[in-house]
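Fold and contact review
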Amino acid sequence: MVKKRAEKKTEVEKLNAELLQTSSLILASFQGLKVSQDNDLRRAIEKVGGKYRVVKNTLVERAARGTAAADLLKGLTGTNSIAYTQADAMQLAKALTKYARDNPAFSFKAGLIEGRVVSLQEIQQLATLPSREELMARLLYLISSPAQRLAGALQGVSRNLAVVVKQAVEEKKFAG
């Protein structure tokens, strides 16, 4: 089906509005994916709060004007798709990396994380990081661990003092 000029303009405006609010975007090639595989990919991305679109190069370049993704989406060639999110970039990278491992026809080209263009290696490194919740738990443990050790040490001193005083009383060392 051939889209009319007005439909294309509306699509570009809608994508531009979404890209303005996007914090992270990953550009990929999907050539060779079957429809069922593409549907699985869409579900995996939606599960982590992202969106996925197969894009026409000229339209996505126009839609990206004035956004942080403008440099990344300029001059594209071949078959391209974008996955983007306003939420956690790490979750999106993990979902896409897992999917790419299972489906070799899907491959990364580049990405945009918090306004900075990143390479394929950086996307894969991001995917190997622990989740935000796990990092927060580790940080909390590191902060509370010294306090727990100090409390244990102070408790040990008072416990030892109580044992010594009790032994002294039993041996009548305090008798006048």
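See the structure printed just above.
A brief structural summary. (Residues numbered from 1 in each chain as written. Predicted model: local features only at pLDDT ≥ 70, side-chain atom pairs only at ≥ 80, totals over all residues. Heavy atoms only, no water.)

**Comments concerning the packing of helix H2 (residues 35-47) against helix H4 (residues 89-102)**
At their nearest, the axes of H2 and H4 sit 9 Å apart, and the two run at 155 degrees to each other. The pairing of H2 with H4 is recorded here as roughly antiparallel in orientation. Crossing of H2 against H4: the hand is right-handed. Here H2 contributes Gln37, Asp38, Asp40, Leu41, Ala44 and Ile45 to the contact with H4, which in turn contributes Leu92, Ala95, Leu96 and Tyr99. Grouping the constituent residues of the contact of H2 with H4 by class yields seven nonpolar, one polar and two charged. (Axes fitted to C-alpha atoms, helices over the stretch in contact; angles between N-to-C directions. Helix = DSSP H or I, 4+ residues; strand = E, 2+ residues; numbered from the N terminus. Parallel < 35°, antiparallel > 145°, perpendicular 65-115°, else oblique. Left-handed = near helix turned anticlockwise from the far one by under 90°. Contact = heavy atoms within 4.5 Å. Nonpolar A, V, L, I, M, F, W, Y, C, P; charged D, E, K, R; others polar.)

**A look at helix H3 (residues 57-64)**
Taken residue by residue, H3 has Asn57, Leu59, Val60, Ala63 and Ala64 as its buried positions. An end-on view of H3 places all buried positions within 165 degrees of arc, on one side of the element. Residues of H3 that are buried make contact with helix H1 (5-21), strand S2 (50-55) and strand S3 (80-85). (Buried < 20%, exposed > 50% of the residue type's maximum accessible area, 1.4 Å probe, protein only. Arc of directions from axis to C-beta.)

**Comments concerning the side chain of Ser24**
By the secondary structure assignment, Ser24 is in strand S1 (residues 24-29). Taking the relative accessible area as the measure of exposure, Ser24 reaches 1% and is therefore buried. Each residue touching Ser24, except ones within four places of it in the same chain, is listed here: Ala83, Tyr84, Thr85, Ala89, Leu112, Ile113 and Glu114.

**Structural notes on helix H6 (residues 132-170)**
For H6, which comprises 39 residues, the first-to-last C-alpha distance of 56 Å matches the rise-based estimate of 57 Å (1.5 Å per residue) to within 8%. The sharpest bend along H6 comes to roughly 30 degrees, located at Ser144, with the proline Pro146 sitting one to four residues further on. Listing the buried residues of H6 in full gives Ser145, Gly156 and Ala168. Just downstream of H6, Lys172 is the residue with a positive phi angle, here 55 degrees. (Expected span 1.5 Å × (residues − 1). Bend = angle between axes of the 7 residues up to and from the residue.)

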